[in-house]
Amino acid sequence: MITPLAVLVPLAIGSGVLAQNIQLAPKQYHNLPLGKIKPSGWLYDQLTVQINGLAGHEHDFYDYVAQSDWLGGDSYYSDLEEAGSYWFNGLVPNGVIMDDATIMSQTQQFMDFVFANQDSTGWIGPEVFDLSKPRYLWGRYPFLFGVMQMVEYNSSLADVVIPPIYKFVNVANSMLQNGTGFEPWTQTRWGDFVIALEWLYENYPNGNEDLLLSTMSLIQEHGVAWDEVFEDQYFPKTATENLTNPFNNVLTWHGVNMAEGLKAPAASYRYTHNQSQLDSSSQGWDLLFQYHGRPSGIFAADEYLAGLQAVRGTELCDVVETMFSGSYLYQVIGDPKFADRVERIAYNALPATLTGTMWSRQYLQQQNQVAAMNMTPDPFPTDTSYSNVFGLQPNHPCCTVNHPQGWPKFVTNAFVTTPDQASLIHLYLGPFSVATTLANGNAVNVAVDTIYPFSDTLTTTIRADAAFTYYVRIPSWVSKGTIAINGGAEEAVAPSNGLHAISVGAGTTTIILNVPPEITLESRPEGSVAVHRGPLHYAFDISRNQTVLTQNAQQPLAVDLQFLATEAWQYAIDPSTLTFHSNPPSSGTLPSPIFDSGLPPLTITATACLIEWGLAGSEFVDSPPENPECTGAPTEITLWPFGATKLRIGEFPVFKST
Ligand SMILES: *[C@@H]1O[C@H](CO)[C@@H](O)[C@H](O)[C@H]1NC(C)=O
Ligand SMILES: *[C@@H]1O[C@H](CO)[C@@H](O)[C@H](O)[C@H]1NC(C)=O
Ligand SMILES: *[C@@H]1O[C@H](CO)[C@@H](O)[C@H](O)[C@H]1NC(C)=O
Ligand SMILES: *[C@@H]1O[C@H](CO)[C@@H](O)[C@H](O)[C@H]1NC(C)=O
Ligand SMILES: *[C@@H]1O[C@H](CO)[C@@H](O)[C@H](O)[C@H]1NC(C)=O
């Protein structure tokens, strides 16, 4: 343990500099306030599907967040211990970017309720049912993220919400001073608290600089040393169930903690000014995907880091937290690798793990997933055999309340500005509109018209009061991209650090960006391969039948679904035969929803043959066999965007057809 005095003044802030005078190290890019960026086209439809689905209806019926539960919640997960906090963080941006008055009033009421029930010490509740349980800080972190978004959207709220937040920071600080308020979850997720404290420091310091810096130091001192976890010598290189974790907190190798913890060294850097911490976040990111990564963009952790085998699971919370962390790390560090991966996760791993209507979600998704059912034996060492069922709350409720942040935060981080606010950067390619005012009162409107990632072309119309530099991210996989401005000739894109700069004049500018990808192969374990084309990963979509396992009594649309394969899936493919096909919708409009079987307008065909490929349990698949023999004649199979598949083969054995 540490002595409180030793941490009152943060280390490494420069000799002779008074604590209250330190500047946070600048971010490379700034996010725009919530509400300035909206989805359009198919992405608007996707957000509509989400708020018409489970995410938008939880407040009406789901025990953990229904209003009836607020008054003295009846469960461990209630309220600000986890459920209410996660839900609030996700639903605030859903409500605002979709202009949904019902959701906005639910989140406003929830926030009002929390502050109205703040106790005399400053602790924010409502309290959990078990009042003898010690108070832990971490469940409040996502609540603070929700408040930050509310205030960014409507700065008039600051007068009301900032004073109670400071009462809370005061009590948190004295708890940390006397060595209370934390347990292993608080100790792994401390970076999120630092980010909230830094937001206060930059936007509403109100004379509390010393309190904020002291609290940042204390939570970090009591927390896990993520910079050590991300050292190559300690980082787990295989599935972790048989490894001994060298840290005294085994939750360091927990998937969601790591997804959140990736931000921690970078967040710490901002107040310590220690540059090595940027390298630490960046290295943690690289090691995580090198040793546990998936072609769908995400990593595997069926509770704990799970290696490369295609049958192991990825928790939905890993998906949405990694997207959010990648967006944050891009803004602090500026490396385009973060943006490339966030886009890949959003368009592949996220939609793959929910039904098309977004009423049912998995806890764990698999790269090769030949059934979604209660499995025997259980392929996941720590999670239950029910974890890959699509349902209301398979295995654990957390992803029910946490998944709603995925799509809206992808939207709110899709554009950023340079720190001087003079330039706007289009980061995540897709259909969006932006209305904002840049430096010197330059009012700018941007509309991106595209069905990307279901096409290779984006048409952007910009209206600006004054000239400025506009940037668009060119993904790392682009080799033959072109750009044409105001009807001019197509020119090769020329990105610098992933961004192509365009001088935009006052008035209207039209930009046509074309990013035609090649089909690429990724090597996977046992000599297997995964197929990509640009932002999309392609998989064999196994046809399925469906059994309703349970139905919620209050909300009949909230069902648990078992999916079983109704066709053979034991295919090897010949990679030399992969052929891309595009069937753009004649109406210009994609089906709604788009992420379900047979719906996306893009496919890849492959010559394939059936092979011997067994099951390792009742319904989960063995590793792909190496150098398999065909047991049937070559045939052609169709691969679909991974996000539209619910049962699939995403990593194939290979054979030569000629
Ligand atoms: C912003 O918050 C103020 C204060 O609560 C409220 O009066 C106003 O209606 C809010 N504006 C919007 C656009 O929500
Ligand atoms: C620690 O501080 C908190 C907040 O001031 C207080 O409620 C709690 O009783 C203190 N605990 C101990 C063990 O001193
Ligand atoms: C862990 O040990 C068990 C029991 O020996 C073994 O079956 C399993 O394959 C091991 N897992 C890994 C990832 O090495
Ligand atoms: C800076 O950060 C690195 C990596 O996180 C760490 O090893 C080093 O001790 C830090 N330096 C100081 C002065 O705190
Ligand atoms: C689904 O398909 C499996 C395999 O063909 C079959 O055993 C099962 O009876 C089917 N279930 C339903 C509900 O049709």
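Numbering of residues starts from 1 in each chain and follows the order in which that chain's sequence is written. Here the convention is simple: chains get letters from A, ligands get numbers from 1, in the order in which they are written. Per-residue local features of the predicted model are confined to residues with pLDDT of at least 70, and side-chain atom pairs are confined, for both listing and counting, to 80 or more; whole-chain, interface and lining totals are unaffected and use all residues. In computing side-chain properties, one takes all heavy atoms of the structure into account and sets aside hydrogens as well as water.

Looking now at the overall build of the protein chain. Segments assigned H or I by DSSP are reported as helices when at least four residues long, segments assigned E as strands when at least two residues long, and all are numbered from the N terminus. The number of helices and strands found in the protein chain is 18 helices and 26 strands. Here the radius of gyration uses the C-alpha set of atoms, whereas the globule reference equals 2.2 Å times the residue count to the power 0.38. Taken over the C-alpha trace, the protein chain has a radius of gyration of 24 Å; the compact-globule value for 658 residues is 26 Å, and the two agree within 12%. On the principal axes, the C-alpha backbone points of the protein chain span a range of 75 × 60 × 50 Å. Residues counted as buried form 62% of the 658 residues belonging to the protein chain. The contact definition used throughout considers only heavy atoms, calling two residues in contact when any of these lie within 4.5 Å. In the protein chain, 73% of the contacts between residues at least 6 apart in sequence involve partners at least 24 apart. When the accessible surface of the protein chain is totalled, it reaches about 23000 Å², and 50% of it is carbon and sulfur. For the purpose of charge, His is not counted, nor are the chain termini; Lys and Arg are scored as positive and Asp and Glu as negative. Note that the charge is assigned to NZ on lysines, CZ on arginines, CG on aspartates and CD on glutamates. Each charge class in the protein chain was averaged separately, 27 positive and 63 negative side chains, and the resulting centres sit 3 Å apart. Accessible area is worked out with a 1.4 Å probe on protein chains only. A residue is then buried under 20% of its type maximum, exposed over 50%, and partly exposed in between. Methods summary: accessible areas were calculated by the Shrake-Rupley approach with a probe of 1.4 Å, and residue burial reflects only the protein chains presented.

Should DSSP find at least two bridges between two strands, the strands are regarded as paired. Pairing is mixed in the open sheet, where 5 strands are placed in the order β1-β8-β9-β13-β16. Only two strands of the sheet have a single neighbouring strand rather than two, namely β1 (30-31) and β16 (499-504). Of the strand pairs in this sheet, strand β8 (residues 415-417) and strand β9 (residues 424-426) are connected by 3 bridges, and their pairing is antiparallel. Paired with F415 across the bridge in β9 is H426.

Note on terminology: near, applied to a residue and a molecule or strand, indicates that one of the residue's heavy atoms is within 4 Å of it. Every residue lining ligand 5 is accounted for by N545, T547, A565 and T566. Here a polar contact is recorded for every N or O atom pair within 3.5 Å, except that within protein the pair must consist of a potential hydrogen donor and a potential acceptor, and residues adjacent in sequence are included only if both atoms are side-chain atoms. One of the side-chain N or O atoms of N545 is found 2.3 Å from an oxygen atom in ligand 5. Protein coverage of the free-state accessible area of ligand 5, which is 360 Å², stands at 37%. The nonpolar class holds Ala, Val, Leu, Ile, Met, Phe, Trp, Tyr, Cys and Pro. Asp, Glu, Lys and Arg form the charged class, and all remaining residues, Gly among them, are polar. Here the shell around ligand 5 is composed, by residue class, of 1 nonpolar, 3 polar and no charged.

Our next topic: the site of ligand 1. In the neighbourhood of ligand 1, the contacting residues comprise Y153, N154, S156 and L157. Contact distances for ligand 1 include 2.3 Å between an oxygen atom and a side-chain N or O atom of N154. Taken by itself ligand 1 offers 360 Å² of open surface, and the protein chains cover 35% of this. Split into classes, the residues belonging to the shell around ligand 1 amount to 2 nonpolar, 2 polar and no charged.

The sheet built from 3 strands is open, its strands ordered β7-β22-β21 with antiparallel pairing. Taken across any chain shown, the strands that pair with only one partner, and hence form the sheet edges, are β7 (371-372) and β21 (544-551). Alignment of β21 against strand β22 (residues 559-565), held across 7 bridges, turns out to be antiparallel. Counted as the bridge partner of T547 is Q562 from β22.

With respect to the helices, strands and loops of the structure, N368 is situated in the loop between β6 (364-366) and β7. Of note is the side chain of N368, whose polar atom sits 2.7 Å from the backbone nitrogen of G650. Contact partners of N368, with chain neighbours within four places excluded, come to A310, V311, W613, V621, P624, R648, I649, G650 and E651.

The subject of this paragraph is unusual backbone geometry. A cis amide bond links T376 with the next residue in sequence, P377, at an omega value of -15 degrees. Inspection of the secondary structure assignment puts P377 in the loop between β7 and α17 (398-402). Of note in this structure, N206 is not a glycine but carries a positive phi near 45 degrees. Within the element layout of this structure, N206 appears in the loop between α9 (190-203) and α10 (209-222). The phi torsion at N440 lies on the positive side, around 60 degrees, for a residue other than glycine. Residue N440 is classed as exposed on the basis of its relative accessible area of 82%.

Read these as geometric descriptors, not functional statements.
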